[in-house]
Amino acid sequence: MKKKLLSGLLCAAMVGTLFVGCGSSADTEATGDAASTENTEASTDAEAPAGGASGTYALVPKSAGNPFNEKEADGFKAAVEAMGGTAVVQYPESATADAQITVIESLISQGVDSICVAANDENALQSVLEEAMDAGIKVCSVDSSVNKDSRAVHCNQAGVDEIGLALIDAVYDISGGSGQFAILSATSQATNQNAWIDSMKSFMESDSKYADLELVEVAYGDDESQKSTDQTQALLQKYPDLKVICSPTTVGIAAAAKVLQDQGSSVKLTGLGLPSEMAAYIGDGDDFSCPYMFLWNPIDLGALGAYTSIALVNGEITGAEGDTFSCELGDYTVVAAGDGGTEIILGAPFKFEPSNIDEWKVVY
Ligand code: RAM
């Protein structure tokens, strides 16, 4: 991993951009090599591969004001522009399906070529996305999926169970294998968080290893910093014996990390966080609230959404299982997804811990 980072930095020094050609998810290791995580900056000076992109490709993130979503959007925009296309990034007014429906309706009337959406609800966008597809617009989801009938394919950051297992194992490890833990999630309808939480629960049900762990509550901070702070404080008050909070959202984990560390709480934290936001809280010992956490490269995830949109519009793929395409990130195959639809997987979740957080906090 260090080598990849160094080679990425070297690449940066040489060509002034880390976005293109410095990494490939194809050589990502199973343990999570942060799939071309060294790609830190958006760039528009890449060579467009044959096939290129001449249309207008839209991204609808989950919500504005979330640094993860902004990095995802940076990656999307840079990839579209590098391919010669026009990128439209349109944030909904709030992290709700209704706000996304309004945005998608307007994209349909603008006649964009594709819509890539990080969904605030798995099912509620179906009718507007079907309308888009009927109008000839190619539709995929990224980060947080829409149901199988609402998309051609989903761009997934990592396998759902890979993430679920990493999280429940972290809770098990940090708690010492027993005791109370709580989950601080994003919105209650978020497809991605709900899938990861369900996966954690099914590992708990199916493996006696986790029998002494008690999930006391799933709280929702709605990917808003203040609400996540309030929810963390409420959990601490309600559960005096709480050992661990697991927050599978970058907004939630950053808010909880601050509350726990400022209060000198003995409750420990893990989950999914941006290294740049979490560096001050990751460490060993009582002074730090988070021993370790996981994530993937949000810039690359956005870029994968872009390349997938372009491949759909160009007719290189239809989103059917077995379809393949190549892009600057590597070679990808469309595989079956757990919901009966199909997906393209970016890589494996990567573990951020005291020994590597300083390297990664400057990357994303
Ligand atoms: C938040 C968002 C996003 C999720 C990350 C981990 O920023 O909810 O959808 O993928 O956390």
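Report on the accompanying structure. (Residues numbered from 1 in each chain as written. Predicted model: local features only at pLDDT ≥ 70, side-chain atom pairs only at ≥ 80, totals over all residues.)

### Side note on helix H4 (residues 126–134)
Part 1: When we look at burial in H4, the residues that qualify are Val128, Leu129 and Ala132. The arc that holds the buried residues of H4, viewed along the axis, is 95°, so those residues lie on one side. Away from the buried face of H4 by more than 90 degrees, exposed residues Ser127 and Asp134 are located. (Buried ≥ 20, exposed ≤ 12 C-beta atoms within 10 Å, placed from the backbone. Helix = DSSP H or I, 4+ residues; strand = E, 2+ residues; numbered from the N terminus. Arc of directions from axis to C-beta.)

### Examining the site of the ligand
Part 1: In the vicinity of the ligand there are 14 residues, among which Phe68, Ala186, Thr249, Thr250 and Leu272 approach most closely.
Part 2: Its residues assigned to classes, the shell around the ligand shows 6 nonpolar, 5 polar and 3 charged.
Part 3: Residues lining the shell around the ligand come from more than one domain, with at least three contributed by each of domain 1 (3–155 + 297–347) and domain 2 (160–295). (Near = placed C-beta within 6 Å. Nonpolar A, V, L, I, M, F, W, Y, C, P; charged D, E, K, R; others polar. Domains from an automatic or database assignment.)

### With respect to the environment of Ala118
Part 1: Looking at where Ala118 falls in the secondary structure, it is placed in the loop between strand E3 (114–117) and H4.
Part 2: Along the primary structure Ala118 and Ser63 are separated by 55 residues, whereas in three dimensions their C-alpha atoms are 8.9 Å apart.
Part 3: Not counting the four nearest positions on each side in its chain, Ala118 is found in contact with Pro61, Lys62, Ser141, Val142, Asp143 and Ser144. (Contact = placed C-beta atoms within 7 Å.)

### A closer look at the sheet that holds E3
Across a sheet, strands are paired by hydrogen bonds formed along the backbone, either parallel or antiparallel in direction.
Part 1: Taken together, 7 strands build an open sheet; the order of strands is E2-E1-E3-E4-E5-E14-E13 and the sheet is mixed. What marks the edges here is a single partner per strand, and that holds for strand E2 (86–89) and strand E13 (335–336).
Part 2: The pairing of E13 with strand E14 (residues 342–345) spans 2 bridges and is classified as antiparallel. Note on E14: the bridge partner recorded for Ala336 is Thr342.
Part 3: Lying on the sheet, helix H2 (residues 67–82) is in contact with strand E1 (56–60), E2 and E3; it crosses E2 at an angle near 160°. (Pairing = 2+ DSSP bridges. Axes fitted to C-alpha atoms, helices over the stretch in contact; angles between N-to-C directions.)

### So, helix H3 (residues 97–110)
Part 1: Here H3 spans 20 Å end to end across 14 residues, near enough to the 20 Å set by a 1.5 Å rise per residue.
Part 2: Of all the positions in H3, only Ala97, Gln100, Ile101, Ile104 and Leu107 are classed as buried. The buried side chains of H3 occupy one side of the element, clustering within an arc of 125° when seen end-on. Those residues of H3 that are exposed and angled more than 90 degrees off the buried face are Ser106, Ser109 and Gln110.
Part 3: Looking at the buried side of H3, the elements it contacts are E1, E3 and H4.
Part 4: One or two positions beyond H3, positive phi appears at Gly111, with a value near 75°. (Expected span 1.5 Å × (residues − 1).)

### A short note on the pairing of strand E6 (residues 179–185)
Regular strands place side chains that alternate from one sheet face to the opposite one.
Part 1: E6 sits mainly inside the fold: 5 of its 7 residues count as buried.
Part 2: The pairing of E6 with strand E7 (residues 213–220) spans 7 bridges and is classified as parallel. Among the inter-strand pairings, Leu184 is bridged to a residue of E7, identified as Ala219.
Part 3: Each parallel crossover has a hand, and the one from E6 via helix H6 (residues 191–206) to E7 is right-handed. (Right-handed = clockwise from strand over helix to strand, strands pointing away.)

### Examining the sheet that holds E6
Part 1: The sheet built from 4 strands is open, its strands ordered E7-E6-E8-E9 with parallel pairing. Two strands bound the open sheet, and with one partner strand each, they are E7 and strand E9 (268–271). If you compare each strand with its neighbour and ignore which way they point, the axes differ by 25° on average.
Part 2: Direction of pairing for E6 relative to strand E8 (residues 242–247): parallel, over a ladder of 4 bridges. Counted as the bridge partner of Phe181 is Val244 from E8.

### Overview of the pairing of E14
Part 1: The alternating pattern of E14 places Thr342 and Ile344 and Glu343 and Ile345 on opposite faces, both of which are buried.
Part 2: Two strands pair when backbone bridges link them, and strand E5 (residues 153–156) and E14 are joined in this way by 3 bridges, in the parallel orientation. Counterpart to Cys155 in the pairing with E14 is Ile344.
Part 3: Linking two consecutive strands that pair antiparallel, namely E13 and E14, is a turn of 5 residues; a positive phi of about 95° is found at Gly340 within it.

### Some details on the packing of helix H7 (residues 225–238) against helix H8 (residues 250–262)
Part 1: Close contact between H7 and H8 brings their axes to 8 Å; oriented N to C, the two are set at 50°. Here H7 is positioned oblique relative to H8, judged by the angle of their axes. Where H7 crosses over H8, the two elements pack in a sense that is right-handed. Together, Ser225, Ser228, Thr229, Thr232 and Gln233 of H7 and Val251, Gly252, Ala255, Ala256 and Val259 of H8 make up the contact between the two elements.
Part 2: Here the contact of H7 with H8 is built from residues that sort into 4 nonpolar, 6 polar and no charged. (Parallel < 35°, antiparallel > 145°, perpendicular 65-115°, else oblique. Left-handed = near helix turned anticlockwise from the far one by under 90°.)

### Quick word on the nonpolar core
Most often, soluble globular proteins have nonpolar side chains that are buried together.
Part 1: If you look at the biggest cluster of nonpolar residues, it comprises 110 residues, and the most contacted ones within it are Phe76, Ile115, Ile245 and Met293.
Part 2: A per-element tally of this core places helix H10 (residues 298–314) first, with 10 residues.
Part 3: Setting aside chain neighbours within four positions, we find Phe76 in contact with Leu59, Ala87, Val89, Cys116, Gly302, Ala303, Gly305 and Ala306. (Core = buried A, V, L, I, M, F, W, Y, C linked by C-beta atoms within 7 Å.)

### Looking at the packing of H2 against H10
Part 1: Contact geometry for H2 and H10: axes closest at 6 Å, N-to-C directions at 45°. One element, H2, and the other, H10, form an angle in the oblique class. The way H2 lies across H10 gives a crossing that is right-handed. The segment H2 lies against H10, with Phe68, Lys71, Glu72, Ala73, Asp74, Gly75, Phe76, Ala78, Ala79 and Val80 engaging Pro298, Ile299, Asp300, Leu301, Gly302, Ala303, Gly305, Ala306 and Tyr307.
Part 2: Of the residues assigned to the contact of H2 with H10, the class counts are 12 nonpolar, 3 polar and 4 charged.

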